[in-house]
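Structure at a glance
Chain by chain, the residues run as shown.
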Amino acid sequence: MSQATQYPPIETAMRKALTTELKPVFLEVINESPQHNVPKRSESHFRVLVVSEKFNDLTLIKRHRLVNDTVKNALTAAGFEFMHALSIEAKTPKQWEPEQEPEKSPPCLGGFGK
Amino acid sequence: MNRICQTLLRQSYARAPLTSNHVAATVTRSTRWYSADASPPASAADVVDKSTLEKLVRTNKVVIFMKGNPQAPRCGFSNAVVQIMRMHGVQYDAHDVLQNEALRQGVKEFTDWPTIPQVFIDGEFVGGCDILMQLHQSGDLIEELKKVGIISELLKAEEAKQEPNTEEKKK
């Protein structure tokens, strides 16, 4: 628990929920907000790479829904709204090689302030 | 599998300079977008209802809700979806949710999906940018398009290549 406090609040809630709900064999959470048109230290844009046995029999969209819902419930419980952007890679242990890096997000195009 | 789609990607990038004029013309002619469904600023309570959306997602075989329009996407994720569709030569209907807050909220509630862009094929919600990218990379997008009668330009290019004597062999 003590090491979780090094992350800002939304990221902390996300990490905790994804870890407890999905029991990932690998989890990477990246706050990509600094690449976007948002105030400093925002927690608006995230990318997650989750590798979990729980995805084994799920279609791509169901995996993404599982991750979205897990994050949404955790943020609601912590009193936050869902973040502006959440990129998801949801893999099964068989589909994942430990040296694999997460994909890169496309560059921001301004977002029109929204 | 991965190598196949990397090859496909590389080919499509390589082909881009040759075909960009043609594609641009195609987009202008055939891809419809609706900044015209821009509404007067909606109050927060206004949300496009389910039955309207059920019709909206069936106005074309592929329908996309995005930020900006296909010629000027306003978000990197929306742009990625536009580029994928362009590579496959898909004609689609696009809706700019930045022009219409009620539509933006409505579609999120309709799919129970928290982010934009959102892509529908044959009226069915397929996913957002990540899923489209993964379908594209795995080659599954070609199959999904085929199911609704759209032959991907990438598939055509691949088949043309396999015809003997149509193109010189590259090793």
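As annotated in an unreviewed UniProt entry, chain B is Glutaredoxin-related protein 5, mitochondrial from Drosophila persimilis.

Chain A has the name GL13616 in an unreviewed UniProt entry, where Drosophila persimilis is given as its organism. Regarding chain A, the relevant UniProt record gives this comment under Sequence similarities (unreviewed entry): "Belongs to the BolA/IbaG family."

**Overview of the overall build of chain A**
Per the secondary structure count, chain A includes two helices and three strands. Helices and strands appear in chain A in the N-to-C order α-β-β-α-β. The C-alpha atoms of chain A give 14 Å as radius of gyration, which agrees with the globular expectation for 114 residues (13 Å, within 12%). Dimensions of chain A, computed from the C-alpha atoms along their principal axes, are close to 40 × 30 × 25 Å. When burial is assessed residue by residue, chain A has 29% of its 114 residues classed as buried. Long-range contacts, defined here as pairs at least 24 residues apart, represent 62% of the contacts in chain A between residues at least 6 apart.

**A word on the packing of helix α3 (residues 76-87) of chain B against helix α5 (residues 129-138) of chain B**
Residues and elements named next belong to chain B. One way to put it is that α3 packs onto α5 with a least axis distance of 9 Å and a crossing angle of 30°. Judged by the angle between their axes, α3 and α5 are roughly parallel. Of the two possible hands of crossing, α3 and α5 adopt the one that is left-handed. The segment α3 lies against α5, with Phe77, Ala80, Val81 and Ile84 engaging Cys129, Leu132, Met133 and His136.

**Section: α5(B)**
Of all ten residues that make up α5(B), seven are buried, and the element is covered over most of its length. Turning to α5(B), its buried residues are B:Cys129, B:Asp130, B:Ile131, B:Leu132, B:Met133, B:Leu135 and B:His136. Considering only its buried residues, α5(B) is in contact with α2 (60-77) and β3 (85-91) of chain A together with α3, β6 (118-121), β7 (124-127) and α6 (140-147) of chain B. Remark: B:Gly139 follows α5(B) within two positions and exhibits a positive phi of approximately 90°.

**Quick notes on the sheet that holds strand β5 (residues 93-96) of chain B**
Residue and element names in this part refer to chain B. The five strands lie next to each other as β1-β5-β2-β6-β7, forming an open sheet whose pairing is mixed. With partners counted over all chains shown, the strands left at the sheet margins are β1 (32-33) and β7, one partner each. Relative to β5, strand β2 (residues 62-66) runs parallel, the two being bridged by four bridges. Across the sheet, the residue bridging to methionine 66 is aspartate 96, located in β5.

**With respect to the sheet that holds strand β1 (residues 26-31) of chain A**
Residues and elements named next belong to chain A. Pairing is mixed across the open sheet formed by three strands, whose spatial order is β1-β2-β3. Strands with a single pairing partner mark the edges of an open sheet, and in this sheet they are β1 and β3. With direction set aside, neighbouring strand axes in the sheet form an average angle of 10°. In this structure, strand β2 (residues 45-51) lies alongside β3, joined through seven bridges in parallel fashion. Note that in β3 the partner of valine 50 across the bridge is alanine 90. The strands touched by α2 are β2 and β3; relative to β3, the strand with the most contacts, the crossing angle is about 130°.

**Re the pairing of β2(B)**
Residues and elements named next belong to chain B. Extensive coverage of β2 is indicated by the burial of five of its five residues. Side chains Val62, Ile64 and Met66 of β2 all project onto a buried face; the interleaved residues Val63 and Phe65 project onto the opposite face, where all are buried too. Inspection of the sheet shows β2 paired to β6 by four bridges, in the antiparallel sense. If you follow phenylalanine 65 over to β6, its bridge partner there is glutamine 118.

**Here we look at the environment of B:Gln118**
Residues and elements named next belong to chain B. Considering the arrangement of structural elements, one finds glutamine 118 in strand β6. Residue class for glutamine 118 comes out buried when judged on the 26 C-beta atoms lying within 10 Å of it. A sequence separation of 43 residues divides glutamine 118 from cysteine 75, and the C-alpha atoms of the two residues are 13 Å apart. If we ignore the near neighbours within four places in the chain, the residues touching glutamine 118 are Phe65, Val107, Thr111, Trp113, Phe125 and Gly128.

**Considerations on the environment of A:Phe26**
When you line up the elements, A:Phe26 lands in strand β1. Linking A:Phe26 and A:Pro98, residues 72 residues apart in sequence, is a C-alpha distance of 8.3 Å.

Cut-offs used in this document
Residues numbered from 1 in each chain as written. Chains lettered and ligands numbered in written order. Predicted model: local features only at pLDDT ≥ 70, side-chain atom pairs only at ≥ 80, totals over all residues. UniProt positions renumbered as here; feature names shortened; annotations may be inferred. Helix = DSSP H or I, 4+ residues; strand = E, 2+ residues; numbered from the N terminus. Rg over C-alpha atoms; globule rule 2.2 N^0.38 Å. Buried ≥ 20, exposed ≤ 12 C-beta atoms within 10 Å, placed from the backbone. Contact = placed C-beta atoms within 7 Å. Axes fitted to C-alpha atoms, helices over the stretch in contact; angles between N-to-C directions. Parallel < 35°, antiparallel > 145°, perpendicular 65-115°, else oblique. Left-handed = near helix turned anticlockwise from the far one by under 90°. Pairing = 2+ DSSP bridges.

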